[in-house]
Amino acid sequence: MTLKELESRVDRIRSKHLVVLARTPDGQEQVMTVRECIEANADFIRVVSGNDLHDLDELLDYEIGGVCAIN
């Protein structure tokens, strides 16, 4: 396996940041990252793309906060 092939393989399996559709406080729907959603105090609508579980944890904490605890 060449270095180029290895890089390509790693890129395919590397997690991708979540991109979400969210509604901003002024009512506009926008595609943004989880971090942008939180900073804009926007309401999450749905995931557009991505698979990063760290982003998912951050989004869930933002949306439901301390409402539920997993023991």
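Here's what I pulled together on the structure shown here. (Residues numbered from 1 in each chain as written. Predicted model: local features only at pLDDT ≥ 70, side-chain atom pairs only at ≥ 80, totals over all residues. Heavy atoms only, no water.)

## Looking at helix α3 (residues 53-64)
In an α-helix there are 3.6 residues to a turn, and that puts residues three or four apart on one side.
Here is step 1 of the chain: The first and last C-alpha atoms of α3 sit 16 Å apart over 12 residues, in line with the 16 Å expected at 1.5 Å per residue.
Here is step 2 of the chain: Positive backbone phi, at 50 degrees, marks Gly65, one or two positions downstream of α3. (Helix = DSSP H or I, 4+ residues; strand = E, 2+ residues; numbered from the N terminus. Expected span 1.5 Å × (residues − 1).)

## Considering a nonpolar patch on the surface
Here is step 1 of the chain: A contiguous nonpolar patch, built from Met1, Leu3, Leu6 and Val10 and spanning about 400 Å² of accessible area, is present on the exposed surface.
Here is step 2 of the chain: In this fold, Met1 is placed in the segment before α1 (3-13).
Here is step 3 of the chain: With relative accessibility at 66%, the residue Met1 sits in the exposed group. (Patch = residues over 30% accessible without salt bridge, like charges linked within 9 Å, V, L, I, M, F, W, Y side chains within 5 Å. Areas by Shrake-Rupley, 256 points an atom, 1.4 Å probe, with all protein chains shown as cover. Salt bridge = Lys/Arg side-chain N within 4 Å of Asp/Glu carboxyl O. Buried < 20%, exposed > 50% of the residue type's maximum accessible area, 1.4 Å probe, protein only.)

## Quick notes on the side chain of Thr24
Here is step 1 of the chain: For Thr24, the location among the structural elements is in the loop between β1 (19-23) and β2 (29-33).
Here is step 2 of the chain: Here Asp26 takes part through its side chain, which lies 2.3 Å from a polar atom of the side chain of Thr24.
Here is step 3 of the chain: Not counting chain neighbours up to four residues away, the residues in contact with Thr24 comprise Gln30, Met32 and Ala42. (Polar contact = N/O pair within 3.5 Å; in protein donor to acceptor, adjacent residues only side chain to side chain. Contact = heavy atoms within 4.5 Å.)

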